[in-house]
Amino acid sequence: MKRKINDLVFIWQFALDDFKGKYAGSALGITWAFLQPIITIVLYWFVFQLGFKSQPVENFPFILWLLPGLVPWFFLSDAICNATSSLVEYSYLVKKVLFHINILPITKIVSMLMVQGVLIIFTIILYTLWGYPLGSSLFYLIVYIIYMTILAAGVSYLTATLYVFFKDTMQIVSIILQVFFWLTPIVWEFNMMSEGVRKILMLNPVYYIVQGYRDVFVYRNLTIDSIGMTVYYWAAAILILGFGVSLFNRCKDHFADVL
């Protein structure tokens, strides 16, 4: 038990050092980690609401409807991209026999959880200022954070492993993330699609996260619409994690030779 606690403390400290080191030397330091997504949110709001004249969604201000879609996406995309390159970035640690390299992708994900926490607080503040204060529904957000952490970890172990052997992996990951961004109802309203298309799009594991965040922030509807689909999402995330970890463990003995 004590060893596990020490491991968790080490991962947290390593993630914190990694987070600080990423922005070391810049004038604003770690402020950039929070400033970049906030600027992106403002740009999306400017383009869609002021440019495309997007109307309130179900009588809800568009920017407040948009935020719960963008905030979890920032975590997923940044966590997966950063974790994908973690083994190459820390190649000098991979070559050390005694270093537990399994934690490298995880530390990147933990780093992004710090940013996610700040963005959630930013969202709560905006909702409060707009006159939509949040109550006990916020506790349900923990479920979706755990889910997307599991999903991100599974994908990251897979892509980090592939990136060691195939340097085109990062470009492929970026393209796939773009595809998933537009296939997920983040900046567009889900009900605008036909029922048949919606059934297909709901198979996307990211849909569960975005819809979950909106259930908490926008709709305050925390009932389970479909137990079957909920089981599907969690089973998919756990299977992806299992496959990613399995591939990582099978290949990790060869990482040092390739790097």
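Since the structure is predicted, the reported quantities are computational estimates derived from the model, not experimental observations.

Enquirer: Lay out the overall build of the chain in plain terms, naming residues and giving numbers.
Expert: In terms of regular secondary structure, the chain is built from 11 helices and zero strands. Reading the secondary structure of the chain in the N-to-C direction produces α-α-α-α-α-α-α-α-α-α-α. Radius of gyration (C-alpha) of the chain: 19 Å, near the 18 Å computed for a compact globule of 259 residues. Across its three principal directions, the C-alpha atoms of the chain cover 60 × 45 × 40 Å. Here the contacts in the chain between residues at least 6 apart in sequence split such that 79% fall between residues at least 24 apart. When the accessible area of the chain is evaluated, it comes to approximately 13,800 Å², of which 69% is carbon and sulfur surface.

Enquirer: Give me the lowdown on the packing of helix α6 (residues 103-129) against helix α7 (residues 141-165), citing residues and values where you can.
Expert: Axis separation between α6 and α7 bottoms out at 10 Å; the angle between their running directions is 145°. Handedness of the crossing formed by α6 with α7: right-handed. Contact residues: Pro105, Ile106, Ile109, Leu113, Gln116 and Ile120 in α6; Leu141, Ile145, Met148, Thr149, Ala152, Ala153, Ser156, Tyr157 and Ala160 in α7. For the contact of α6 with α7, the residue count by class is 12 nonpolar, three polar and no charged.

Enquirer: A description of α6 should follow, citing residues and the corresponding values.
Expert: Taking 1.5 Å per residue, 27 residues should reach 39 Å; α6 reaches 39 Å between its end C-alpha atoms and fits that length. In the segment just after α6, Gly131 is the residue with positive phi, at about 90°.

Enquirer: Can you explain the packing of helix α10 (residues 205-219) against helix α11 (residues 227-258)? Please cite residues and give values.
Expert: With their axes 9 Å apart at the nearest point, α10 and α11 run at an angle of 120° to one another. Considering how the two elements wind past one another, α10 and α11 form a crossing that is left-handed. Note on element contacts: α11 touches α10 through Thr230, Tyr233 and Trp234, opposite Pro205, Tyr207 and Tyr208. Of the residues belonging to the contact of α10 with α11, the class tally is five nonpolar, one polar and no charged.

Enquirer: How would you sum up helix α3 (residues 62-84)? Please name residues and give values.
Expert: With 23 residues, α3 extends 33 Å between its outermost C-alpha atoms, agreeing within 8% with the 33 Å of an ideal straight helix rising 1.5 Å per residue. The principal kink in α3, of about 25°, is found at Pro68. Of all 23 residues that make up α3, 21 are buried, and the element is covered over most of its length.

Enquirer: Can you tell me about a nonpolar patch on the surface, naming the residues and giving the values?
Expert: A contiguous nonpolar surface patch, about 520 Å² in accessible area, is contributed by Ile172, Ile175, Ile176, Val179, Phe180 and Leu183. Position of Leu183 among the secondary structure elements: in helix α8 (residues 169-183). Take Leu183: its relative accessible area is 40%, and that puts it in the partly exposed class.

Enquirer: Tell me what's going on with the nonpolar core, and back it up with residues and numbers.
Expert: Ranked by internal contacts, the top residues of the largest apolar core, which has 74 residues, are Leu104, Tyr213 and Phe217. The element best represented in this core is α3, accounting for 14 residues.

Calculation criteria
- Residues numbered from 1 in each chain as written.
- Predicted model: local features only at pLDDT ≥ 70, side-chain atom pairs only at ≥ 80, totals over all residues.
- Heavy atoms only, no water.
- Helix = DSSP H or I, 4+ residues; strand = E, 2+ residues; numbered from the N terminus.
- Rg over C-alpha atoms; globule rule 2.2 N^0.38 Å.
- Contact = heavy atoms within 4.5 Å.
- Areas by Shrake-Rupley, 256 points an atom, 1.4 Å probe, with all protein chains shown as cover.
- Axes fitted to C-alpha atoms, helices over the stretch in contact; angles between N-to-C directions.
- Left-handed = near helix turned anticlockwise from the far one by under 90°.
- Nonpolar A, V, L, I, M, F, W, Y, C, P; charged D, E, K, R; others polar.
- Expected span 1.5 Å × (residues − 1).
- Bend = angle between axes of the 7 residues up to and from the residue.
- Buried < 20%, exposed > 50% of the residue type's maximum accessible area, 1.4 Å probe, protein only.
- Patch = residues over 30% accessible without salt bridge, like charges linked within 9 Å, V, L, I, M, F, W, Y side chains within 5 Å.
- Salt bridge = Lys/Arg side-chain N within 4 Å of Asp/Glu carboxyl O.
- Core = buried A, V, L, I, M, F, W, Y, C linked by side-chain atoms within 4.5 Å.

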